Amino acid sequence: EADHLALVVAETAHAAEVAVAAITATWELLPVLGMIDEAMAPGAPLLHPENGLDHNVYTTYNIRKGDTAAGWAAAAAVVEATYEVPYQEHAYLQPEAGMAYIDDHGRVTVEIAGQWTHEDREQIAHALDLPEDDIRVIYPAIGGAFGGREDTSLQIVLALAAWRLHQRGEHRPVGCVWSREESIVGHHKRHRGRIRARWGADAEGRITAVESEAWLDAGGYNYTSNKVLGNLHLGQGGCYEVPNARITSHAVYTNAVPGGAFRGFGGPQAAYVAESQMNKLAEALGLDPVEIRRRNVLHDGSIGITQTPMPDGVTIAEVVEACAAAAAQPSPAGPPPVAYTPFASLGPAEADLRRGRGFACAFKNVGFSFGFP
């Protein structure tokens, strides 16, 4: 988990390392819930009993649309599958780095890379039990983000250090830079998770029903899991007209590294599931993968998965046609380009390479999951 246990402030990095080595921690060994299944098992220890829940599933979203029983009865083909999605590391160029001080107006000021200054300020104020007006957050440069800067890393500890030193008469800034290893250990990842999906379509290839249930591993803390879960939840029906749907999504606490936002935050995982299911339906019905999408994509006025009509300007059908036309063109002549590898002795084994073309559609929230319109 790599929780923060103590904060050391020193004149030099060497002095800080010596001080850290002098800290002795006494541990109470508790069961480790490293996986979603362990956290959801009957009688599993509660990782956050302060939430008042009797389980480790702390957020659940539900979509119920139409009559799924009728949808299954109308289906000529039904496909079922379980999909596992893995962790992914942001690996931005600049690791977490920041500086904090008390400015001329007496405000705790933090200069750091981030993606939403007001959220950072709110969390620092909450942690230090100070009014938000007493906190200032400045983003001088980002150095890469991809969702990885949406959650706190050094913000609170830097603010705390500057504030406590100020109270002791020390008015100098405090700075910290994580190593690449510390960055990988200490910051959130794209969520790992599991999605079980069952889709049905009639003989013409039109979707009749979708049932899907998803679990995201939130790790030890919420971070932005509830927001990522919102996108995953809304995207499990794909960019298609689904008359009957039953979709349930959960975020589960474990003792693993926290999950958070990463490029599309939930949208890519949902698209992976929806498009895999569409390909399976096409194969089961003997339909071309493009044609089955043609028959199901959303249009202006389509009733969406949450039973809200689509606004004017839905162009997925036109995008499908343009992409299908482009994909029908022959591949460029000549040998394929050789992929760059930093390890010259470990180039691709040409005899093992396979090349092909696939077709997929996807959409991501316009706005912010269940947030902005």
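Computed from a predicted structure; not experimentally measured. (Residues numbered from 1 in each chain as written. Predicted model: local features only at pLDDT ≥ 70, side-chain atom pairs only at ≥ 80, totals over all residues. Heavy atoms only, no water.)

A.B. asks: Run through the packing of aromatic side chains, naming residues and quoting values.
C.D. replies: By the definition in use, this model includes two aromatic pairs. On the basis of an interplanar angle of 15° and a centroid distance of 4.3 Å, the ring pair of Tyr58 and Tyr253 is categorised as stacked. One end of the pair, Tyr58, is in strand β1 (residues 57–65); the other, Tyr253, is in strand β10 (residues 245–253), with 195 residues separating them in the sequence. Sitting over the face of the ring of Tyr92, Arg149 holds its NZ or CZ atom 3.9 Å from the ring centroid. (Phe/Tyr/Trp six-rings, centres within 6.5 Å; stacked < 30°, edge-to-face > 60°. Helix = DSSP H or I, 4+ residues; strand = E, 2+ residues; numbered from the N terminus. Lys NZ or Arg CZ within 6 Å of the ring centre and 35° of its normal.)

A.B. asks: Hey, could you go over the sheet that holds strand β4 (residues 108–112) for me, with residue numbers and the actual values?
C.D. replies: Read across the open sheet, the four strands follow the order β5-β4-β3-β6; overall the sheet is mixed. Each having just a single partner strand, β5 (135–138) and β6 (174–177) make up the two edges of the open sheet. The sheet shows a mean angle of 15° between the axes of neighbouring strands, taken without regard to direction. Together, β4 and β5 form the strand contacts of helix α4 (residues 117–128), whose direction differs from that of β5 by roughly 145°. (Pairing = 2+ DSSP bridges. Axes fitted to C-alpha atoms, helices over the stretch in contact; angles between N-to-C directions. Contact = heavy atoms within 4.5 Å.)

A.B. asks: Give me the lowdown on the environment of Ala317, citing residues and values where you can.
C.D. replies: Relative to the helices and strands, Ala317 is located in helix α10 (residues 316–327). For the pair Ala317 and Arg294, spaced 23 residues apart in sequence, the C-alpha separation works out to 6.6 Å.

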